[in-house]
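Each chain, written out:
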Amino acid sequence: MLLRLLLLLAPCGAGFATKVVSISLRGNWKIHSGNGSLQLPAAVPGCVHSALFNKRIIKDPYYRFNNLDYRWIALDNWTYIKKFKLHSDMSTWSKVNLVFEGIDTVAVVLLNSVPIGKTDNMFRRYSFDITHTVKAVNIIEVRFQSPVVYANQRSERHTAYWVPPNCPPPVQDGECHVNFIRKMQCSFGWDWGPSFPTQGIWKDVRIEAYNVCHLNYFMFTPIYDNYMKTWNLKIESSFDVVSSKLVSGEAIVAIPELNIQQTNNIELQHGERTVELFVKIDKAIIVETWWPHGHGNQTGYNMSVIFELDGGLRFEKSAKVYFRTVELVEEPIQNSPGLSFYFKINGLPIFLKGSNWIPADSFQDRVTSAMLRLLLQSVVDANMNALRVWGGGVYEQDEFYELCDELGIMIWQDFMFACALYPTDKDFMDSVREEVTHQVRRLKSHPSIITWSGNNENEAALMMGWYDTKPGYLQTYIKDYVTLYVKNIRTIVLEGDQTRPFITSSPTNGAKTIAEGWLSPNPYDLNYGDVHFYDYVSDCWNWRTFPKARFVSEYGYQSWPSFSTLEKVSSEEDWSYRSSFALHRQHLINGNNEMLHQIELHFKLPNSTDQLRRFKDTLYLTQVMQAQCVKTETEFYRRSRSEIVNGKGHTMGALYWQLNDIWQAPSWSSLEYGGKWKMLHYFARHFFAPLLPVGFEDKDMLFIYGASDLHSDQQMMLTVRVHTWSSLQLVCSESTNPFVIKAGESVLLYTKPVPELLKGCPGCTRQSCVVSFYLSTDGELLSPINYHFLSSLKNAKGLHKANITVSTSGLELLGL
Ligand code: BMA
């Protein structure tokens, strides 16, 4: 195959030689298994599983029990090979690099049979110097080692002390020692996902050749000068300079809409050099800030930066620049011990409403732009403004963050460490340092990212004794923890980016955790930082179940996906709640029973004699239960925004677990694999509405709160109505006098003993009637119509069997 050189940067003056070329090596490669028995073409970017699937050597990996049958793929050592010709004389270049944006994961890379480098971290960019190895005709080989075998070997070699956990619980059908490999942690199995430890070249790969210098990273961060009340922009460009002579020239920054046209003289010395440019934006020019969804526009400004260097070398970069500030506020609260924990964007306190993001597929090459758009559009369509990119997945692709910038989705970005202790051997740490440096450089220009966070639940795992480690080793583990997340990750992050906060873990006690030496005895302290909360046993209709915390970054309940989604990966014999398939897809021990338990508290369990009907009804009820549970819990957090009760409250964030699914199985998600909305997602659109009335009972007293995320005070009235279940006819109704809910506040609007309310509604009992309520002004609805059940629905009287037929068209195009 003859590859044409892609002329990236043409010389600007006649007579100059080309100074930089980029040659793509994407596309068709060949792969073979360890002993050569399987040889097939493979696409790059991609992975072995996808190649085998495309060649029909394996069936859909998600079908039925295939994850068990296809374990062998990850246990084998695969090799990727590409032969290619270059039609220019490569020896004329001062430097030629082979650049991998991502290799998954452990491999030796050979060019023309010469080993040129090793890889062990799927989150790094690797650049190998091939100046003296590259020829006119080339062969690249990437020899992978099984990630499962590698992780086991690394763990065995770590003899000084145990670094737990060993293996996921058997119910997850996973692989062991994932904490010893820098790879998507959930790819060895999770409580909502299968184990598919992939191998492959999962991102772009190319050859870069240059003579003078090369631009490796282009980064920019807006900085607000509080004293001068002006915006500045810091632009950093990281070059690899190969010329031994000083390279000089000009950098021209243009942001036409902000009247910026600035020329700086620059000089580059040999080596890795970062050019820093500061752009001061004139006070007289109005800069529109970037706002989270629901709080304003996501205004961005087109910027171009041109470097014109000696010898006619020219680099041009263009990007969209957004201006916003972010601050994590931890300060004393009146009548409450501890500290607040909330984010201010552009100086305004914002309640974070949203969910947790997990990888959209086990096979990252299947995550298309269309899929990202569908999922992220669903986020804003459900009135969310934030997502947490959870630490057991991947640092998402550029497009994910670009979409979040565009849509106004704030990102809490974890580093990819989850639910484990980690080793701190030198080579592990070296690799992590490269990973963090790269990811911060790659991602920091995105306004959507509002905080970095070191890991998922690892402080809790260590301090709450999840792994039964010997007490004598606690200090060793603490030392490792501080080495990894504080001395290394935090230090690197703060060196590279001071424009957003860094939190060591989720959950943590924030400032208190720091004061206690980076680990608190109880990271779930309700008076500090964020908490995760799960309880599948207590009644989820009872708000007393939930913690009145400062910020709840995980909480949730499981449900099953809809039948139409499951049908695609199952066969008839699987279609019952007790089938081995239903058990196989459930990766939470006792998860299926816990769902039934929670359903039974308030609903009648399906009892149709038709097995398929009963299965479908059960799937449906798991979704109803989940939606109602997460609604009750989220509403509790939203109404706790402005109050302190018994020292607790000021809740400023509710991110439920989890937004999306990695495959078709029961999980905590509100979006099914493929993007279909579960009932919870429709509910989320209501319970995350900017203005929401929240109803609940305390000892027979009905309370209704109003929660506002608006920027201004709003006049309105509350209407409370009571309907019969039998006809849904209005039996009685009352409206309050007009009142004002202040911007960003949650206040009590209404109280009435339920018996008194029902007394005014002839014929109504707790069982035969239901309450609804809404906020309005001048007859215009300002909130969703919310409701409050006066009894369990299994005791409701008068409910008719619903007779609803739905017909859809066009959805097939979206794969729904
Ligand atoms: C938390 C998460 C995930 C997990 C979820 C549900 O621990 O961080 O690890 O999937 O709860 O169990």
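Since the model is a prediction, treat every value here as computed from it, not as a measurement.

**Student:** Would you mind going over the state of the cysteines in detail, with residue names and values included?
**Tutor:** Summed over the entire model, instances satisfying the criterion amount to four disulfides. Across the disulfide, Cys-732 is cross-linked to Cys-761 (sulfur-sulfur distance 1.8 Å). Residues Cys-732 and Cys-761 are joined by a disulfide whose S-S torsion is about 70 degrees; by sign, that bridge is right-handed. Here Cys-732, found in strand S42 (residues 730-735), pairs with Cys-761, found in the loop between helix H16 (754-759) and strand S45 (769-777); they are 29 residues apart in sequence, far enough to count as distant. Note on Cys-732: relative accessible area 16%, which makes it buried. Overall, the relative accessible area of 1% leaves Cys-761 in the buried class. There is a disulfide in this structure between Cys-764 and Cys-769, and the S-S distance comes to 1.9 Å.

**Student:** Now, about the pattern of salt bridges: what can you tell me, with residues and values included?
**Tutor:** This structure, assessed with the given rule, holds 36 salt bridges. Arg-71 serves as the salt-bridge partner of Glu-175, at 2.6 Å between the closest nitrogen and oxygen. Placement of Glu-175 in the loop between helix H4 (147-157) and strand S13 (188-190) and of Arg-71 in helix H3 (residues 71-75) is noted, with a sequence separation of 104 residues between them. On the basis of relative accessibility, which here comes to 5%, the residue Glu-175 falls in the buried class. When its relative accessible area of 41% is taken as the criterion, Arg-71 is described as partly exposed. The salt bridge involving Arg-388 is made with Asp-414; its shortest N-O contact spans 2.8 Å.

**Student:** How would you summarise the site of the ligand if you had to cite specific residues and measurements?
**Tutor:** In the vicinity of the ligand, the contacting residues are Trp-190, Asp-191, Trp-192, Trp-390, Cys-419, Asn-456, Glu-457, Tyr-534, Glu-554, Trp-657 and Trp-668. Between the ligand and Asn-456, the relevant distance is 2.9 Å, taken from an oxygen atom to a side-chain nitrogen or oxygen of the residue. Glu-457 is positioned with one of its side-chain polar atoms (N or O) 2.7 Å from an oxygen atom of the ligand. For the ligand, whose accessible area on its own is 300 Å², the fraction buried by protein is 91%. A class-by-class count of the residues in the shell around the ligand yields seven nonpolar, one polar and three charged. Here the shell around the ligand gathers at least three residues from each of two domains, domain 1 (20-209) and domain 3 (351-690).

**Student:** Describe in detail the sheet that holds strand S20 (residues 260-268), supporting the description with residues and values.
**Tutor:** The sheet built from four strands is open, its strands ordered S20-S19-S22-S23 with antiparallel pairing. Lying at the two open borders of the sheet, with one neighbouring strand each, are S20 and strand S23 (313-321). On average, each strand axis in the sheet is inclined to that of its neighbour by 15 degrees, with strand direction left out of account. Relative to S20, strand S19 (residues 247-255) is paired through nine bridges, and the arrangement is antiparallel. Looking at S20, one finds that Ala-251 is bridged to Asn-264.

**Student:** Describe in detail the packing of aromatic side chains, supporting the description with residues and values.
**Tutor:** Given two aromatic rings, one states the distance between the centres and the angle between the planes to describe the pair. Within this structure, the stated rule accounts for 63 aromatic pairs. A centroid spacing of 6.0 Å and a plane angle of 85 degrees characterise the contact between Trp-541 and Phe-603, whose relative ring orientation is edge-to-face. Taken as a pair, Trp-541 in the loop between strand S34 (531-533) and strand S35 (552-555) and Phe-603 in the loop between helix H13 (591-600) and helix H14 (611-639) lie far apart in primary sequence, 62 residues in all. Phe-603 carries the same exposure label as Trp-541, and that label is buried. Relative to Phe-636, the ring of Trp-543 has its centre 6.1 Å away and its plane inclined at 20 degrees; by these criteria the two rings are stacked. Here the residue Trp-543 occupies a position in the loop between S34 and S35, and Phe-636 occupies one in helix H14, the gap between them amounting to 93 residues. Using a relative accessible area of 17% as the deciding quantity, one classes Trp-543 as buried. Exposure remark for Phe-636: the relative accessible area of 4% places this residue in the buried category. Three or more aromatic residues link up through ring pairs in this structure, and these residues are Phe-533, Trp-543, Phe-546, Tyr-555, Phe-636, Tyr-637, Tyr-656, Phe-687, Phe-688, Phe-696, Phe-703 and Tyr-705. The residue whose ring lies beneath Lys-203 is Trp-202, and the NZ or CZ to ring-centre distance is 4.6 Å.

Each value, and the rule that gives it
Residues numbered from 1 in each chain as written. Predicted model: local features only at pLDDT ≥ 70, side-chain atom pairs only at ≥ 80, totals over all residues. Heavy atoms only, no water. Disulfide = S-S within 2.5 Å. Helix = DSSP H or I, 4+ residues; strand = E, 2+ residues; numbered from the N terminus. Buried < 20%, exposed > 50% of the residue type's maximum accessible area, 1.4 Å probe, protein only. Salt bridge = Lys/Arg side-chain N within 4 Å of Asp/Glu carboxyl O. Near = heavy atom within 4 Å. Polar contact = N/O pair within 3.5 Å; in protein donor to acceptor, adjacent residues only side chain to side chain. Areas by Shrake-Rupley, 256 points an atom, 1.4 Å probe, with all protein chains shown as cover. Nonpolar A, V, L, I, M, F, W, Y, C, P; charged D, E, K, R; others polar. Domains from an automatic or database assignment. Pairing = 2+ DSSP bridges. Axes fitted to C-alpha atoms, helices over the stretch in contact; angles between N-to-C directions. Phe/Tyr/Trp six-rings, centres within 6.5 Å; stacked < 30°, edge-to-face > 60°. Lys NZ or Arg CZ within 6 Å of the ring centre and 35° of its normal.

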